[in-house]
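Residues per chain, in single letters:
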Amino acid sequence: MKKIGLIVGSLRKESWNRKVAQVVKGMFPEGYDVDFIEIGDLPLYNEDFEAPGMEPASYAPFRKQVEASDGFIFFTPEYNRSVPPAIKNAIDVASRPYGQSKWGGKPAAVASASIGTSGGMEGNMALRQNFIFTDLIPLQQPEVYLAGVANLFDEDGEMVEDTKAFLQKFVDAFVRHVERF
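None of these values were measured; they are calculated from a predicted model.

A word on the overall build of the protein. Secondary structure summary: the protein contains 5 helices and 6 strands in total. Of the regular secondary structure in the protein, the N- to C-terminal order runs β-α-β-α-β-α-β-α-β-β-α. Taking 181 residues into account, the globule formula puts the C-alpha radius of gyration at 16 Å, and the protein, at 16 Å, falls close to it. Seen along its three principal axes, the alpha-carbon backbone of the protein occupies a region of about 50 × 35 × 25 Å. The burial tally for the protein puts 47% of its 181 residues in the buried class. For the protein, the exposed surface amounts to about 9,200 Å²; the carbon and sulfur share of it is 52%. In the protein, the 19 positive side-chain charges and the 25 negative ones have mean positions that sit 2 Å from each other.

The next point concerns the UniProt feature "domain: NADPH-dependent FMN reductase-like" (unreviewed entry) in the protein. When the UniProt feature table is mapped to this numbering, "domain: NADPH-dependent FMN reductase-like" (unreviewed entry) covers residues 3-147. As annotated, residues 3-147 comprises 31% helix and 20% strand, and the C-alpha atoms at either end are separated by 29 Å.

With that settled, consider the layout of surface pockets. Picture a little ball the size of a water molecule; that probe, rolled over the atoms, points out where space is still empty. Its volume calculated, the largest pocket comes out at about 200 Å³. Counting only elements with at least two residues in the lining of the largest pocket, the list comes to helix 3 (85-95) and helix 4 (121-134). Residues of the lining of the largest pocket, tallied by class, amount to 4 nonpolar, 5 polar and 3 charged. A volume near 160 Å³ is recorded for the second largest pocket. Lining of the second largest pocket is provided by Ser-10, Arg-12, Ser-15, Trp-16, Asn-17, Pro-77, Glu-78, Tyr-79, Ala-113, Ser-114 and Ile-115.

Bringing the nonpolar core into the picture now. Counting residues in each nonpolar core, the largest one holds 31 residues, and the members touching the most others are Val-20, Phe-28, Ile-73, Phe-75, Leu-167 and Phe-170. Elements with a minimum of two residues in this core: strand 1 (2-8), helix 1 (16-25), strand 2 (32-36), strand 3 (71-76), strand 4 (107-113), strand 6 (144-146) and helix 5 (161-179). For this core, the element with the highest residue contribution is helix 5, accounting for 7 residues. Sequence-distant contacts of Leu-167, that is, excluding residues within four places in its chain, are made with Val-20, Val-24, Met-27, Val-144, Leu-146 and Met-159. The next biggest cluster of nonpolar side chains, apart from the first, holds 23 residues, and it includes Leu-42, Trp-103, Ala-126 and Phe-131.

How each quantity is defined
- Residues numbered from 1 in each chain as written.
- Predicted model: local features only at pLDDT ≥ 70, side-chain atom pairs only at ≥ 80, totals over all residues.
- Heavy atoms only, no water.
- Helix = DSSP H or I, 4+ residues; strand = E, 2+ residues; numbered from the N terminus.
- Rg over C-alpha atoms; globule rule 2.2 N^0.38 Å.
- Buried < 20%, exposed > 50% of the residue type's maximum accessible area, 1.4 Å probe, protein only.
- Areas by Shrake-Rupley, 256 points an atom, 1.4 Å probe, with all protein chains shown as cover.
- Lys, Arg positive; Asp, Glu negative; His and termini not counted.
- Charge placed at Lys NZ, Arg CZ, Asp CG, Glu CD.
- UniProt positions renumbered as here; feature names shortened; annotations may be inferred.
- 1 Å grid on protein atoms, 1.4 Å probe; cavity = no way out; pocket = protein on both sides within 12 Å on 5 of 7 lines; lining within 4 Å.
- Points joined across faces, edges and corners; volume = space filled by probe spheres on them.
- Nonpolar A, V, L, I, M, F, W, Y, C, P; charged D, E, K, R; others polar.
- Core = buried A, V, L, I, M, F, W, Y, C linked by side-chain atoms within 4.5 Å.
- Contact = heavy atoms within 4.5 Å.

Here is the structure:
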């Protein structure tokens with residue numbers, strides 16, 4: 001059984017990226033345990049927390065979830081041409097203390113969604129830069145930039161079929177990527 005963590009960078013209750021992640025969660029084949037790794041309760045990383053007895057209570061369970069996962073899909077909007085602070089903080093928390101990263105050598109993918117026309121492309125690319133130092137191995141293709149995401153769901157809140165078909169190809173490619181490890 002492969003364990004895949006879904007990490008959503010937007011903390012907003014009605015986040016479009018969370019809605020996309022919910023759809024993706026249901027697209028994996030048998031043999032995959034796919035669940036959300038929540039990041040909203042992680043205090044901002046501070047190196048002072050590495051001193052004995054100083055680590056916030058939420059850090060240890062989060063790091064255990066990351067360590068127990070075989071791969072990750074990050075879902076991010078674009079904030080000011082980059083990633084939301086919550087997702088960057090999550091990467092920092094699980095990569096520290098130095099030399100004890102929980103991310104290293106694991107497959108990852110990024111999907112970005114935005115109500116705008118770029119589909120969160122710059123946030124997507126900025127997030128991929130974080131993968132270099134943390135040794136996450138990104139899926140290169142297909143790239144997922146969902147522009148005008150509000151129009152990709154019908155009036156009942158269901159994702160439109162052509163977008164679901166595209167995301168299924170993304171999930172299938174990610175599964176092949178994970179199987180290489």
